[in-house]
Amino acid sequence: MNRPNWQLYGTLGCHLCDHAEQLLQQFSDTRPIQLEQIDIADLSPAQTEALAMQIPVLTTGHSRLSWPFSLADLMRAYQSELPNA
């Protein structure tokens with residue numbers, strides 16, 4: 001099975017982003033996901049401004065989760081990407 005590709009948008013010094021990263025690490029210990037961390041400082045000014053007050057934000061193939069999200073939210077997002085889900 002291919003691992004779903006998820007993106008976590010955040011930035012350095014964001015303690016909520018650190019919490020989200022830890023939660024995703026915990027989740028990835030039990031479910032195969034490909035996690036890409038994206039620093040919003042590396043995006044265009046318009047994208048940075050749009051996300052600045054929302055981070056951390058997780059995008060998946062079928063979902064967009066804004067903080068706070070839980071392991072249950074991650075499981076729902078993961079299951080939505082499985083065939084026949």
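You'll find the structure just up there.
Reading the values: rules and limits
Residues numbered from 1 in each chain as written. Predicted model: local features only at pLDDT ≥ 70, side-chain atom pairs only at ≥ 80, totals over all residues. Heavy atoms only, no water. Salt bridge = Lys/Arg side-chain N within 4 Å of Asp/Glu carboxyl O. Helix = DSSP H or I, 4+ residues; strand = E, 2+ residues; numbered from the N terminus. Polar contact = N/O pair within 3.5 Å; in protein donor to acceptor, adjacent residues only side chain to side chain. Contact = heavy atoms within 4.5 Å.

1. Observations regarding the pattern of salt bridges
Thought 1: For the structure on display, the rule yields 1 salt bridge.
Thought 2: Taking the shortest distance from any N to any O, the salt bridge between R76 and D73 comes out at 2.4 Å. Of this pair, R76 and D73 both sit in helix α3 (residues 71–80), separated by 3 residues, roughly a single helical turn.

2. Side note on the side chain of Q7
Thought 1: In this fold, Q7 is placed in strand β1 (residues 5–10).
Thought 2: A polar atom in the side chain of Q7 sits 2.7 Å from the side chain of T59.
Thought 3: Beyond its immediate chain neighbours, meaning those up to four positions away, Q7 contacts L35, E36, I38, V57, L58 and T59.

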